[in-house]
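# Coordinate inspection notes
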Amino acid sequence: MRIKMSAVATATAIVLGAFSSAASADLLITEYIEGSSNNKAIEISNLGSSAIDLDANVYKLTLFGNGADASAPGNTETLTGTLQPGKSLVFHNSGAADVFKVGNASTVTFFNGDDALVLTKDDAVIDRFGKRGEDPGSAWTDPNDANFSTANKTLRRKASVTSGDTVAEADFPGAVNQWVVFDTDTSDGLGCSGESACGSEATPGLLLLTEYIEGSSNNKAIEISNVGGTAIDLDANVYKLTLFGNGSTDPGNTETLTGTLAPGKSLVFHNSGAADAFKIGNASTVTFFNGDDALVLTKDDVVIDRFGKRGEDPGSAWTDPNDANFSSANKTLRRKASVTAGDTVAEADFPGANNQWAVFDVDTADGLGCAGENTCDGSVTPPVPEPETGPCTGCETLTPVADPKTFNAEIYYSDVLSGNFSSAEELKNALSAIIAKDHKYLTYKQVWSTLTYADQDPANDKNVIEIYTGSSISKYDNLGSGSGVGKWNREHVWAKSHGFPSESQWGYTDAHHLRPSDPGINSARSNNDFGACKDTGEEVLFNGVGTGNYLDKTTDCWEPRDEVKGDVARMLMYMDTRYQGTDTATTQMPDLVAVDRLTTADEDSAPLIGTLCTLYAWNQLDAIDTFEQNRNNQVYKYQGNRNPFIDRPELVKEVYGAVCGDDPNPVLEVEGDIVTPDSVTEGAAYTIDASAIKAGEGVVLTYKWEQIVGEEKTVVGSEAILSLTAPMVKADETLNFTLTISDGSLETIKDVSLSVMNVPLTLNVEFAGTTKVTEGDKTTITATVTDAPEGTQYSWKQVSGDTAVFTAAGLTLDVTSPSVNIDQVLVFELTATVDEESFSKSVSIEVINTEDTGWTKPEGAGSLGGFMTLLLPLMWLRRRQG
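Residues numbered from 1 in each chain as written. Predicted model: local features only at pLDDT ≥ 70, side-chain atom pairs only at ≥ 80, totals over all residues. Heavy atoms only, no water.

Moving on to the packing of helix α4 (residues 424–437) against helix α7 (residues 565–578). Viewed as axis vectors pointing N to C, α4 and α7 meet at an angle of 95°, and their least axial separation amounts to 8 Å. Looking at the two axes, α4 sits roughly perpendicular to α7. Side by side, α4 and α7 meet where K428, L431, S432, I435 and A436 of the first sit next to Y574, D576, T577 and R578 of the second. (Axes fitted to C-alpha atoms, helices over the stretch in contact; angles between N-to-C directions. Helix = DSSP H or I, 4+ residues; strand = E, 2+ residues; numbered from the N terminus. Parallel < 35°, antiparallel > 145°, perpendicular 65-115°, else oblique. Contact = heavy atoms within 4.5 Å.)

Running from amino to carboxyl end, helix α5 (residues 444–454) crosses helix α10 (residues 626–639) at an angle of 145°, the nearest separation of the two axes being 8 Å. Here α5 runs over α10; the crossing is right-handed. Residues T450, L451, Y453 and A454 of α5 pack against F627, N630, R631, Q634, V635 and Y638 of α10. Residue composition of the contact of α5 with α10, by class: six nonpolar, three polar and one charged. (Left-handed = near helix turned anticlockwise from the far one by under 90°. Nonpolar A, V, L, I, M, F, W, Y, C, P; charged D, E, K, R; others polar.)

With mixed pairing, the four strands of this open sheet are ordered in space as β48-β54-β53-β50. Each edge of the open sheet carries a strand with a single partner, namely β48 (772–774) and β50 (793–800). Taking the axes of each pair of neighbouring strands and ignoring which way they run, one obtains an average angle of 30° across the sheet. Summarising the sheet, β48 and strand β54 (residues 837–848) pair through three bridges and their orientation is parallel. Bridge pairing links K772 to E846 in β54. (Pairing = 2+ DSSP bridges.)

Another aspect to go through is the pattern of salt bridges. One pass over the structure, following the stated rule, counts 34 salt bridges. K131 is paired through a salt bridge with D171; the nearest N and O atoms lie 3.0 Å apart. Of this pair, K131 sits in the loop between β10 (124–129) and β11 (141–142) while D171 sits in the loop between β13 (153–157) and β14 (179–182), and the two are 40 residues apart along the sequence. The exposure class assigned to K131 is buried, which follows from its relative accessible area of 16%. Its relative accessible area of 53% is what places D171 among the exposed residues. What you see here is one network of salt bridges that share partners, running through E31, R156 and D188. (Salt bridge = Lys/Arg side-chain N within 4 Å of Asp/Glu carboxyl O. Buried < 20%, exposed > 50% of the residue type's maximum accessible area, 1.4 Å probe, protein only.)

Let us look at unusual backbone geometry. In this model, F172 is joined to P173 through a cis peptide bond whose omega is 5°. Counting through the fold element by element, P173 comes out in the loop between β13 and β14. Here the residue pair F350 and P351 is connected by a cis peptide bond, since its omega of 5° sits within 30 degrees of zero. In this fold, P351 is placed in the loop between β27 (331–335) and β28 (357–360). One non-glycine residue, N152, lies in the positive phi region at around 60°. The residue N152 is located in the loop between β12 (145–149) and β13 in this model. Look at D363: it is not a glycine, yet its phi comes out positive at around 65°. One can find D363 in the loop between β28 and α2 (409–412). With relative accessibility at 29%, the residue D363 sits in the partly exposed group.

A separate point is the nonpolar core. Counting residues in hydrophobic clusters, the biggest one holds 64 residues, and the most contacted among them are Y413, V416, F530, V568, L572, L615 and F645. Among the secondary structure elements, those contributing two or more residues to this core are α2, α3 (414–417), α4, α5, α7, α9 (612–621), α10 and α12 (650–656). Element by element, the count of residues in this core is highest for α7, at seven residues. If you look at the next biggest cluster of nonpolar residues, it comprises 35 residues, including I29, L119, W140 and F182. (Core = buried A, V, L, I, M, F, W, Y, C linked by side-chain atoms within 4.5 Å.)

Here the focus is the packing of aromatic side chains. Scanning the entire structure with this criterion turns up 24 aromatic pairs. Their ring planes at 75° and their centres at 6.1 Å tell us that W140 and F172 sit as a pair that is edge-to-face. Of this pair, W140 sits in the loop between β10 and β11 while F172 is found in the loop between β13 and β14, placing the two residues 32 residues apart along the sequence. Ring plane angle 65° and centroid distance 5.3 Å describe the contact between F407 and Y412, whose orientation is recorded as edge-to-face. Neither F407 nor Y412 differs from the other in exposure class; each is buried. Over the ring of F64 we find R132; its NZ or CZ atom is 5.1 Å from the centre of that ring. (Phe/Tyr/Trp six-rings, centres within 6.5 Å; stacked < 30°, edge-to-face > 60°. Lys NZ or Arg CZ within 6 Å of the ring centre and 35° of its normal.)

With respect to topology, four strands assemble into an open sheet ordered β19-β18-β23-β24, the strand pairing being antiparallel. Single-partner strands in this sheet number two, and they are β19 (254–256) and β24 (302–307). Each adjacent strand pair in this sheet contributes to an overall mean axis angle of 20°, direction not counted. Taken together, the five bridges between strand β23 (residues 294–299) and β24 define a ladder with antiparallel strand orientation. In the strand pairing of β24, V296 is matched with R306.

Okay, the state of the cysteines next. Evaluation of the coordinates by the stated rule reveals five disulfides. Between the sulfur atoms of C392 and its disulfide partner C395 the distance amounts to 1.2 Å. Classification of the bridge connecting C392 and C395 rests on its S-S torsion, roughly -40°, and on that basis the disulfide is left-handed. For C392, a relative accessible area of 5% gives the class buried. (Disulfide = S-S within 2.5 Å.)

Further remarks concern the environment of P85. Looking at the element boundaries, P85 is found in the loop between β6 (82–83) and β7 (88–92). Here the alpha-carbon distance between P85 and S45, two residues 40 residues apart in the chain, equals 8.2 Å. Other than its neighbours up to four places away in sequence, P85 contacts N46, G48, S49, S50 and A51.

Attention now goes to the side chain of R310. With respect to the helices and strands, the residue R310 is situated in the loop between β24 and β25 (319–320). Polar side-chain contacts of R310 include one of 2.7 Å to the side chain of E347. Setting aside residues up to four positions removed in sequence, R310 forms contacts with F244, S248, T249, A294, V296, V303, A346 and E347. (Polar contact = N/O pair within 3.5 Å; in protein donor to acceptor, adjacent residues only side chain to side chain.)

Bear in mind that shape data such as this cannot, by itself, settle questions of function.
Written out as structure tokens, the structure reads:
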């Protein structure tokens, strides 16, 4: 978990995410495992015919958690070494079971079913798993394959897939699902590509009818299973299940099978009018059968299995003379596990001499969805759990909604443990989403029962412990009505008047902050804030004895006994985090805020409570003990969510430390400014001066200057004053630096920017040659350029005048002047180019018109006066006569 991500890293991630290029046809994600607990792994394979040098390019596998887009990459694994053809790399979770520990442990496996993985080559996507930028909830699923899920499954890439899925933001798994599904915690394919287990040749897929239910009323269903060792692509051929009713040979209702059926998986079709226990899979009219109707399974119209005898009406049912219990009416029949081939003669006697079906009582439904003769969980009959009874007066029986024994904090909090957060508030919001996800609303009556488990006396399971007195009292002495003497009631540690006075609001019945309490002590506490008031308040007595709790009536401050100060702090931090005002429509709760002060009488109904930093200190003073841990487990068992500050104590500092002067990411406090010029001319020397920055008297500082170019940082200095020469630039450019200042234990980072001004290219150009010629004559112009930079390129072009014939080579221009009607000027331009900068200068050539034979310039034409002035242009626009 990281709270801070630099602006440079963020910007870089955004830029990189925008790039794309052609995918590698060789390197693919070939297996994904999201199993129980930490059983997580990801496999990458070389499916090409030649080795891949992973060091020749930058290959990365990056985790994008909870809908994060390209700008927010999470844990990343850079691939190195050489990967031979047909070989695989595997990354596993360090906490996984041993069978999953193939390859290397990596934090890139800190995923759940709603996180995306993107494989890149030089930052271009070459393959992906999941949809980057989308949070699907708990998992991506496939509407065409009910078995497909990215949670609690092992998925292997189909052998037919040979190129990567390069659009990371496209829908997943898409219209053509590329993945074969295996049961949760399947690990025998890790380390090799393909759909089969490693080191074995899987048997081909085999499609059989494996269960038939003809029960009372509409309780009818039929199951088809893949009992082979490889997946079956049902779309590659035409697979149909057809009903033949009452001895007919004409097909009736038909179901066409689609999608991919993984080994050991089943398709179920049920009658839409069946009881809920039978509604596995999809409703279908192919189940409109009675005991005397046949079902035939075909592949491309060839029979591959059947139930019943097509073309025969047996009366009410087919029976077996060798088994009086067998009947195709009012029974559940399951295909025996020993059957490994279909019954392909649809007109043969049924069930035949060798009956392939095990018989179960009418309306037995617990085997639907899995092949085999047993129930789907392997038991004979799933046991019905005995309800737990609450051992207190008027307590309601509760049914657990979560199992503390299987709780795994690494998984539960994975979204924050592997996340990047720009602030403590952002982290707090992420925590809120986690603890809100499976929160089950308890009624206020159900809270009684929950507290009998959560606050049970470890030394006496018939009693609970009161929060403020520490006394052990019988669970049955809960105060339903009447006098509170010798009873216990439910204390709202976050006073309910501070934001949630109604029982319909979730905070009112949130057991994480409700504790057994003596009614008299509860009344004394009232709705006062928590604070350090031992020195100003009076000790609260219980049965004439001091309790260690103090009340200051002047400031309305309550200080609990030392033994529960940490408990109180973590309960209030839970409430402050759980109720962020983000799910108000559901919880009817405002945003609860723990403030670092005592609230006023005018704020009694406001969703505020104090005093935050006192609570922070209490959290450090009173550490978490086994009683509090057990309490968290018991509330989780019945309410479904947890207090993160008990499970992960370090989160208290991450969320509240900075506010309370205990910053989890402390920085060096400094004074003074960095002196930098507003701008500098390219090629000029400059300095950036940080010598005025101080961190206190006598504190010796060290400096590290880094220049940022793109996503790279280069160290350019280690003194207070940075002296550099501005680079030559083609246009005005900004240089970016970071200065890390350290006192040896803490550090702070300053950003510095400097503008480098481009100086336009200027050259001294002189022209030599005849610049006045008669029409039709030739002339040569030679340019001389003083101090031209090495590598300067030259080009000529005519920019005005009648088009002339010219050639140019370097600084030399040869021109043949055109014929002209009147004297005119031709203008040519020489352009010098250096490193994409250019400088141009022009030269003019005057072309003199030659007069026609016998033509004389009129008198007075030069005066340009009078009537001749008007005629002169017409006279000069004559054409020569041949």
